[in-house]
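Structural features, examined
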Amino acid sequence: MVNDRGQFMKITAQHWPKKILLWLTAAVLTLGGLFFWMRQDQTYPELPQEEIARLASPAICMLAIHWDDGRFAIGMGFVASAQGRIAVSRHSVAEAKRVFAVCNAHFAPVEGIHKHPDQDLALLNTTIAGVAPLPLSRRDPEKLTGKKIYVVRSRDHIHAPVVAGQILGFDDRQQKLALLMYKPLYGGNSGAPVLLGNGEVIGVISNVWTIPGKPSIYFAAPVRDFYGIPDHALPP
């Protein structure tokens, strides 16, 4: 019995290095696969800025917004679905009495406004047809720090319709993307789409922090929150 046990222990000891090697190999493959998946999730082919402008500009909409007290403003948004839904910032149409939209020479009154309960996002119902919607990104906005982005400005900026910038991070307090733009956006750009380098919309311009003598920090509501709007009717 003693000899049999010793022989068993000897055989087991001989197999331990093989087991450890197998475990290490499995761990490396698992970690490698996870790393590859993460890299795949966050990498994509980059389009030239001119191509971003060419693809996105037809879907940009200008809004004429009227309120009961006689106020009037020009806003912007973009076509987000083939059914004519226009994505905008919620605050730009808050309590509006009437809204009219012009998208790539298509004119239509807004027939309904669907607002997100917490985020600065809204969807406008229109009868606009024949305008290709911008693709909404399904990427996690909290994992895109450092990525280059582009903001398509309102159509009155004919000399620089697209401004480049980068994602600084994700503001947990506001639940928005923080952006550094290489050129100022100025006013009237709430509702402008924020596009990744592959042409997907990752956010909607919402608000800005300005500090005298320092670059402004812009914030964008992530488009994933559009799916939190009741009856959003956007592609799944």
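Residues numbered from 1 in each chain as written. Predicted model: local features only at pLDDT ≥ 70, side-chain atom pairs only at ≥ 80, totals over all residues. Heavy atoms only, no water.

Summarising the model, the protein chain shows a mean pLDDT of 82, and 77% of its residues fall at 70 or more. Here helix α1 (residues 2-42) stands out as the least confident element of the protein chain, with mean pLDDT 47; strand β11 (residues 193-196) is the most confident, with 97. Below a pLDDT of 50 lies the segment residues 25-41, which in the model reaches two contacts outside its immediate sequence neighbourhood of four places, other chains included. (pLDDT = per-residue confidence, 0-100. Helix = DSSP H or I, 4+ residues; strand = E, 2+ residues; numbered from the N terminus. Contact = heavy atoms within 4.5 Å.)

Quick look at the packing of aromatic side chains now. Across all of its chains, the model carries two aromatic pairs by this definition. Consider the rings of Phe100 and Phe107, whose centres lie 5.8 Å apart with planes at 10°: the pair is stacked. Seen from their ring centres, Trp209 and Phe219 are 4.6 Å apart, and the 65° between their planes marks the pair as edge-to-face. Note that Trp209 is positioned in strand β12 (residues 201-209) and Phe219 in strand β13 (residues 217-222), a separation of ten residues in sequence. Residue class for Trp209 comes out partly exposed when judged on its relative accessible area of 43%. Residue Phe219 is classed as buried on the basis of its relative accessible area, which comes to 2%. Over the face of the ring belonging to Trp67 we find Arg71, whose NZ or CZ atom lies 4.4 Å from the ring centre. Between Arg138 and the ring centre of Tyr227, over which it is positioned, the NZ or CZ distance is 4.6 Å. (Phe/Tyr/Trp six-rings, centres within 6.5 Å; stacked < 30°, edge-to-face > 60°. Buried < 20%, exposed > 50% of the residue type's maximum accessible area, 1.4 Å probe, protein only. Lys NZ or Arg CZ within 6 Å of the ring centre and 35° of its normal.)

Another point: the state of the cysteines. If you walk through the whole model with that rule in mind, you get one disulfide. Through a disulfide, Cys61 is tied to Cys103; the S-S separation comes to 2.0 Å. Between Cys61 and Cys103, the disulfide has an S-S torsion of 115° and is therefore right-handed. One end of the pair, Cys61, is in strand β1 (residues 60-66); the other, Cys103, is in strand β4 (residues 98-103), and 42 residues separate them in sequence. Neither Cys61 nor Cys103 differs from the other in exposure class; each is buried. (Disulfide = S-S within 2.5 Å.)

With that settled, the discussion passes to the sheet that holds strand β2 (residues 72-79). One key point about sheets: their strands pair by backbone hydrogen bonds, in either a parallel or an antiparallel sense. The seven strands are arranged β5-β4-β1-β2-β3-β7-β6 in an open sheet whose pairing can be described as antiparallel. Because the sheet does not close on itself, it has two edges, and the strands there are β5 (106-109) and β6 (112-115). Taking each pair of neighbouring strands and ignoring which way they run, the sheet shows an average axis angle of 30°. (Pairing = 2+ DSSP bridges. Axes fitted to C-alpha atoms, helices over the stretch in contact; angles between N-to-C directions.)

Attention now moves to the pairing of strand β10 (residues 176-181). For a regular strand, side chains alternate in direction, first toward one face of the sheet and then toward the other. Of all six residues that make up β10, five are buried, and the element is covered over most of its length. Two elements, strand β9 (residues 162-171) and β10, share six bridges in a ladder whose sense is antiparallel. The partner of Phe170 across the bridge, within β10, is Leu177. Two successive antiparallel strands, β9 and β10, enclose a turn made up of four residues, where Gln175 displays a positive phi of approximately 60°. Bridging between β10 and β13 involves four bridges; their strand directions are antiparallel. Bridge pairing links Ala178 to Phe219 in β13.

In this section: helix α2 (residues 49-56). Buried within α2 are the following residues: Ile52, Ala53 and Ala56. Buried residues along α2 cover an arc of 95° about the axis, so they all sit on one side. Exposed residues on α2 whose side chains face more than 90 degrees from its buried face are Glu50 and Arg54. At its buried positions, α2 is contacted by β1, β8 (148-152), β9 and β11. (Arc of directions from axis to C-beta.)

Note that Leu47 resides in the loop between α1 and α2. For Leu47, a relative accessible area of 26% puts it in the partly exposed group. Residues Leu47 and Gly197, spaced 150 residues apart in sequence, show a C-alpha to C-alpha distance of 5.6 Å. When near neighbours in sequence (up to four residues on either side) are disregarded, Leu47 contacts Ile52, Leu55, Tyr150, Gly197, Asn198 and Gly199.

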